[in-house]
Amino acid sequence: MPKAPKKPCYRCKRSLTQEKYCEKCKPKAKVQEKKRYSKDPKVKKWLNSARYKNERKQFLIENPYCCSEGCTKLSNILDHRIPHKGDYDLFWDKSNWDPKCKSCHDRKTASKDGGFGNPRR
Ligand SMILES: [Zn+2]
Ligand SMILES: [Zn+2]
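Worth saying up front: this structure is predicted, and the values here are computed from it rather than measured.

Enquirer: Explain the coordination of the zinc ion (ligand 2) to me, please; I cannot follow it from the model alone.
Expert: Tetrahedral metal sites with four donors have an ideal angle of 109.5 degrees; octahedral sites with six donors have ideal angles of 90 or 180 degrees. Looking at the metal site, the zinc ion (ligand 2) is ligated by C66 (SG), C71 (SG), C101 (SG) and C104 (SG), spaced 2.2 to 2.4 Å from it. Here the zinc ion (ligand 2) binds four donor atoms, and the angle range of 101 to 115 degrees at the metal identifies the geometry as tetrahedral. Of note, the donors binding the zinc ion (ligand 2) are all from one chain and are spaced C-x4-C-x29-C-x2-C. With C71 in the loop between helix 3 (50-62) and strand 3 (77-80) and C101 in the loop between strand 4 (97-100) and helix 5 (102-110), the pair connects residues that are 30 residues apart, well separated along the chain. Judged by relative accessible area, C71 falls into the buried class, the value being 18%.

Okay, structure coming up:
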């Protein structure tokens, strides 16, 4: 695939990047996006639903350990591998769910490349 041309970062409008955000802005933008979607009343409803609570609980019982490589901690966070961004199918798709411990989850949110288990070069 040909490389995408570099464009100014969507957030700071200064650094050139092949993606939406430059490396500096990416972690911040991710957190902001996440916050925005968790404020979505539709997503809030899903997060607070009995169905989600039950399925999340069941998922963490079935997947008691953090899925990060080399991590042996207990999982207590359900992470969406592909950010659902308010998408019903992605939100509820269990194949898109990852069990994570809090520190790995926080690290992922803050990491440069998203750290989804298949690092980009
Ligand atoms: Zn930027
Ligand atoms: Zn972990």
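Now, onward.
Enquirer: For this particular structure, what's the right way to read the confidence of the model for the protein chain?
Expert: Where the model shows low pLDDT, its predicted coordinates should not be examined in detail. In this model, the protein chain carries a mean pLDDT of 87, and residues with pLDDT of at least 70 account for 87%. Element-level pLDDT for the protein chain is lowest in helix 5, with a mean of 82, against a maximum mean of 97 in helix 3. Contacts for the low-pLDDT stretch residues 112-121, under 50 throughout, to residues beyond four places or in other chains number 14 contacts.

Enquirer: What should I look at first to understand the coordination of the zinc ion (ligand 1) in this one?
Expert: For the zinc ion (ligand 1), the full set of protein donor atoms is C9 (SG), C12 (SG), C22 (SG) and C25 (SG), at a range of 2.3 to 2.4 Å. Around the zinc ion (ligand 1), the four donor atoms sit at angles spanning 101 to 121 degrees, and that spread fits a shape best called tetrahedral. Donor residues for the zinc ion (ligand 1) sit on one chain with the sequence pattern C-x2-C-x9-C-x2-C. Here C12 is found in the loop between strand 1 (7-8) and strand 2 (16-17), whereas its partner C22 is found in the loop between strand 2 and helix 1 (25-39), with ten residues between them in sequence.

Enquirer: Mind showing me how you'd approach the pattern of salt bridges here?
Expert: One side chain can pair with another of opposite charge once the charged atoms of both are near each other. One pass over the structure, following the stated rule, counts nine salt bridges. Note that R81 and D98 form a salt bridge whose closest N and O atoms lie 2.7 Å from each other. In this pair, R81 is assigned in the loop between strand 3 and helix 4 (88-92) and D98 in strand 4, connecting sequence segments 17 residues apart. A relative accessible area of 32% places R81 in the partly exposed class. In this structure, the salt-bridge partner of D106 is K102, at a minimum N-O distance of 2.7 Å. Taken together, the residues D106 and K102, both in helix 5 and four residues apart, mark about one turn of the helix. Overlapping salt bridges, with partners in common, bring together E19, E23 and K26 in one network.

Criteria and thresholds
- Residues numbered from 1 in each chain as written.
- Chains lettered and ligands numbered in written order.
- Predicted model: local features only at pLDDT ≥ 70, side-chain atom pairs only at ≥ 80, totals over all residues.
- Heavy atoms only, no water.
- Donors = N, O, S within 2.8 Å, 3.2 Å for Na, K, Ca; no water.
- Tetrahedral: all angles 85-135°; square planar, octahedral: opposite > 155°, others 65-115°.
- Helix = DSSP H or I, 4+ residues; strand = E, 2+ residues; numbered from the N terminus.
- Buried < 20%, exposed > 50% of the residue type's maximum accessible area, 1.4 Å probe, protein only.
- pLDDT = per-residue confidence, 0-100.
- Contact = heavy atoms within 4.5 Å.
- Salt bridge = Lys/Arg side-chain N within 4 Å of Asp/Glu carboxyl O.

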